[in-house]
Amino acid sequence: MRNPVIAIGLDAGDPNLLEKWMAQGHLKNLKKLRDRGAYGRLKTFDYYRAETPWTTFLTGASPEKTGYWAPVKLREGSYHVDPIEAYDFAEYEPFYALGDDYKVAVFDMPQAPLSDRVNGVQGLAWGAHSPQTPTHSKPEAFLSDIIAKHGEHPALHKDFASILDIPALQELQKKLETGIERRGQICKDLLQQDNWDFFLTIFGETHSAGHFFWHLSQPDHPLYPLVGNRYPGDPLLEIFEAIDTAIGEILTAAPENANVVVFAAHGMDFNNMDLPSMVFLPEFLYRWNFPGKVGLAEGKMGQNPGGPLVGERAKRGFMGTLWSLKGDRNPLRGFLRRTLPTKIFNRIEPLFGSELEQDLISPFEMQKKGDRLFFQTPCWYQPAWPRMKAFALPSFSEGYIRINLKGREPNGIVDPSEYDAVCDEITAQLYQLKDSRTGETMVQDVVRTRTKATDSDPKLPDADLVIIWQDQCASDTVESPQIGRIGPIPFNRTGSHRSDGFLALAGPDIQPGSTLPFGHSLDLAPTLLALLDAPIPNSCEGKSLINQPAVVR
């Protein structure tokens, strides 16, 4: 008789936070689990940190193998970017697709389409953060029955709030806590309904809370003195405490012989990626391509940037505030865009006539046209992409640069013989970019994804260059001698991803009080399959950590 496995994921649950809070006496259930079992740290890939961890977890394969790099994709032969949602698992199936020999329950796994090879139940997009799949289940009535009994998750597709609006943030916290409590009861019910060989659920609330509560919890963010000190309590800790309580409830229904696994495939820290990837990089490339032109947020070199944007203008929201900073050849139009409410300015803007050559497209215009990527600032520059040597692609983490290559792009400018030289020039210029407040060099590394311009493997990412940003400070203003100053611009989400994860295991097949060898997110699927005594597919690139030497603490 094999022992059942209960796996609970904390989406972007950062181990640095967990370990600190456990040491302070918080998160008692997680600490108890760690103390009576085994614990270890994980790493995921240093680039494409936000987009790939769940697909890596589900398949046990790297993005180089699956070809899945992000939930958005540049349409071949065009300058149009499409949302593509989750990996389709046509080539590599989720590791829990084990056929008739195993009874499996999967509840609210993000970025995982339904599998026909699961003997049991699957309910998706009940309350996951960015599920990238519709709300549906197998059997079809499974999820509707759950909702009828326990209710919907109040934050599904609504797990965000303005980082400056304390009442809205408090409302978001309540919604997340309600979802956590309901998730705990649902999982407890499911464990009591059948004898599952494998049970899997993911708490997505850690992900949402990390993005929007970081500045309310951690003093290392520039907004903490301005906003965090006015928020009652520590909402990030309180979300983790609510999840710790829910995990305790879930485990009351666990079989005595169950092996319990709690894990995170990646982590969270202050946001060092959103603004650099979504604003600074596309604007940097626009100015580099068109010397003397400004797309967004022209700042004055040598002046004190002042404090973060938290005043009246910031009440327009991130998108409205940023668009109000659009560069303009007409000084009056630029002044009105900055000072008038967005709705009023949009009504009078047509009176100024149209530009001879469009540079940036308004996110509000994109939204009217039904473009789902209207919030992605790099896409605002899309009208100019055909005239640029290189442009920034939409991103949720690192910075992605596409070279406008002849023979590949419809209006390619860069000859393949010039490819390396253009990559070298961009890289050198990026290393000159500094945080205007601290002088910190903004770029930590530039990764080339192709060995030569003509590499055409369909599994390669869209980006030719991946920019890994510094992680010493949260930047709202940057500059270089060549492109001038960009900013200040408003902060958006205040937490962003890191490559740190963790794995805690306890149960009859786990050596108590031991430390696992340092692992990778690729090791999660083989480890769970080994606990299940199930075959590990040859496509898995990691290894089972429970079969490696452990150190007794």
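What this report covers is the structure whose coordinates are included nearby. (Residues numbered from 1 in each chain as written. Predicted model: local features only at pLDDT ≥ 70, side-chain atom pairs only at ≥ 80, totals over all residues. Heavy atoms only, no water.)

What follows concerns the layout of surface pockets. If a probe as big as a water molecule is rolled over the atoms, it shows which places are left empty. The computed volume of the largest pocket comes to approximately 1400 Å³. Forming the boundary of the largest pocket are 45 residues, of which His129, Phe160, Phe375, Phe396 and Arg493 lie nearest the centre. For the lining of the largest pocket, the elements supplying multiple residues, two or more each, are helix 7 (205-217), helix 9 (274-289), helix 10 (317-324) and helix 14 (377-380). Residues that form the lining of the largest pocket fall into these classes: 24 nonpolar, 14 polar and seven charged. In this model, the second largest pocket occupies a volume close to 570 Å³. If you trace the second largest pocket, you find 31 residues lining it, with Ala297, Glu298, Gly299, Leu325 and Arg338 closest to the centre. At the level of secondary structure, the elements contributing two or more residues to the lining of the second largest pocket comprise strand 11 (298-299) and helix 11 (331-339). Considering each element in turn, the lining of the second largest pocket owes the most residues, five residues, to helix 11. Taken together, the residues that form the lining of the second largest pocket break down as nine nonpolar, 10 polar and 12 charged. (1 Å grid on protein atoms, 1.4 Å probe; cavity = no way out; pocket = protein on both sides within 12 Å on 5 of 7 lines; lining within 4 Å. Points joined across faces, edges and corners; volume = space filled by probe spheres on them. Helix = DSSP H or I, 4+ residues; strand = E, 2+ residues; numbered from the N terminus. Nonpolar A, V, L, I, M, F, W, Y, C, P; charged D, E, K, R; others polar.)

So, on to unusual backbone geometry. The amide bond that connects Lys138 to the next residue, Pro139, takes the cis arrangement and shows omega of -10°. For Pro139, the position within the fold is in the loop between strand 7 (136-138) and helix 5 (140-150). In this model, Gly487 is joined to Pro488 through a cis peptide bond whose omega is 5°. If you trace the backbone, Pro488 turns up in the loop between strand 18 (484-486) and strand 19 (495-498). With phi around 65°, Asp108 is a residue other than glycine that occupies positive phi space.

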